[in-house]
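# What the coordinates show
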Amino acid sequence: MILMLVFAMKAGSLFAQTKSAVLEEGGTGPYKAVVYEMDGFAEHTIFAPKDLSQFDAKNPLPVLVWGNGGCANSPRGHEKFLNDIASYGYIVLATGIMPAEDAPRGMFGMGGQSRTEQQVESMDWAFAQNADKNSPYYQKIDTKNICIAGMSCGGLQALFNCFDERVTAIMICNSGLLNDAANSPIGGMPSVPKEKLKDIHCPIIYILGGEKDIAYANGMDDFKRIEHVPAIAVNLPVGHGGTYNQPHGGEFAIVARAWLDWQLKGNNEASKMFVGDSPAILQREDWTLEKNGKVK
């Protein structure tokens, strides 16, 4: 259950006149998370550790930029997944307005249809906050380690924006480029030709729901075309909906966090989820793993 609060703090406090929520007791990680909206950052939801005093220029928060399924302008349905990632020491900048308890999901639920540009706005905001001496995030954001990500339509938005030089890792969930991108059935889906995959400049993972996932064929086709940068495809046969709405984001959150810890924090232990003689993901029930020759 999400506890929704609306409050106005005194001048100089961390969050001024914003909504805030504590979800699943702040997540399973060591840095209990809070979900909120911040003045001056409209149509974006922040998931981050509540206690920022534990982070500084020597121990900053890597960034996960997230786009939602259904081209939705709210991370409703992904909040448990994103909240749990934040509790392990990340700042998650999700497209759209903050989820409300029991609100419907998808683009016809909260907030209407998202814009692809909102992910770029998230990166711009992270850089600005890190440099602003008046920001609670001053010198606490790791702008050198940014993963752009999203589910379904949000994954397509991430693939549109992943060529930004600030992006250092990519995570595509239940998604993949359409073979006929010009005939996208949803207006918020950006058009990206398959040929653009050759311009990806950083490691990428596809987290898919197996053959029952409507994005499976497109995602696996993307993966097989990427030969010049490290690329991984993992599948759990749960279909297009993933495990985002399970407690703490379920299996997808565990695997996603391993990818983020490896790519954004340089955690070699986390890399064992995907590499080595016996990748840990294959010890988890029903997961499969494929990787190209650039993965070491």
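Placed above this text is the structure.
A brief structural summary. Each chain has its residues counted from 1, running along the sequence as written. Side-chain atom pairs in this predicted model are given and counted only at pLDDT of 80 or more, local residue features only at pLDDT of at least 70, and totals for whole chains, interfaces and linings cover all residues. The basis for every side-chain value is the complete set of non-hydrogen atoms in the structure, without hydrogens or water.

Moving on to helix α3 (residues 153-161). Counting buried positions along α3 yields 8 of 9 residues, so the element is predominantly enclosed. Partly exposed describes any residue whose relative accessible area lies between the buried limit of under 20% and the exposed limit of over 50%, with all areas from a 1.4 Å probe on protein chains only and scaled to the type maximum. Secondary structure is summarised from DSSP: a helix means a run of H or I of at least four residues, a strand means a run of E of at least two, and numbering begins at the N terminus for each. All of the buried residues along α3 are Cys153, Gly154, Gly155, Leu156, Gln157, Ala158, Leu159 and Asn161. In this structure, the buried residues of α3 make contact with β5 (61-67), α2 (117-131), β7 (141-151), β8 (169-173), β9 (204-208) and α4 (216-225). Only heavy atoms matter for contacts: two residues are in contact if any of them lie within 4.5 Å across the pair.

Turning our attention to the environment of Gly249. Within the fold, Gly249 resides in the loop between β10 (231-235) and α5 (250-265). For Gly249, a relative accessible area of 0% translates into the label buried. Once the C-alpha coordinates of Gly249 and Ile85 are considered, the two residues, 164 residues apart in sequence, prove to be 8.8 Å apart. Residues in contact with Gly249, not counting those within four places in the same chain, are Lys80, Phe81, Thr243 and Tyr244.

The disulfide criterion used throughout: a pair of cysteine sulfur atoms within 2.5 Å. This structure, assessed with the given rule, holds 1 disulfide. Paired through a disulfide, Cys71 and Cys153 show a sulfur-sulfur distance of 2.1 Å. Between Cys71 and Cys153, the disulfide has an S-S torsion of 90° and is therefore right-handed. Within this pair, whereas Cys71 is found in the loop between β5 and α1 (79-86), its partner Cys153 is found in helix α3, the two being separated by 82 residues in sequence.

Let's shift gears to the environment of Ile170. With respect to the helices and strands, the residue Ile170 is situated in strand β8. A sequence separation of 106 residues divides Ile170 from Leu64, and the C-alpha atoms of the two residues are 9.4 Å apart. The residues touching Ile170, leaving out its near neighbours within four places in the chain, are Cys147, Ile148, Cys162, Ile200, Cys202, Pro203, Ile204, Ile205 and Trp259.

Now for the pairing of β8. Counting buried residues along β8, 5 of its 5 residues qualify, which places the element largely inside the surrounding structure. With burial as the criterion, each face of β8 is covered, one bearing Ala169, Met171 and Cys173 and the other bearing Ile170 and Ile172. DSSP calls a pair of strands paired once it identifies at least 2 bridges connecting them. Strand direction decides the pairing type here: β7 and β8, joined by 5 bridges, are parallel. Pairing of Gly150 across the sheet is with Ile172, part of β8.

By the alternation rule, side chains of strand β3 (residues 33-36) split into Ala33 and Val35 and Val34 and Tyr36, which are all buried. Where strand β2 (residues 18-23) and β3 come together, 2 bridges link them in antiparallel fashion. When the sheet's bridge partners are listed, Ala21 is paired in β3 with Val35. Pairing analysis gives 4 bridges linking β3 to strand β4 (residues 44-49), with the strands arranged antiparallel. What sits directly across from Val35, in β4, is Phe47.

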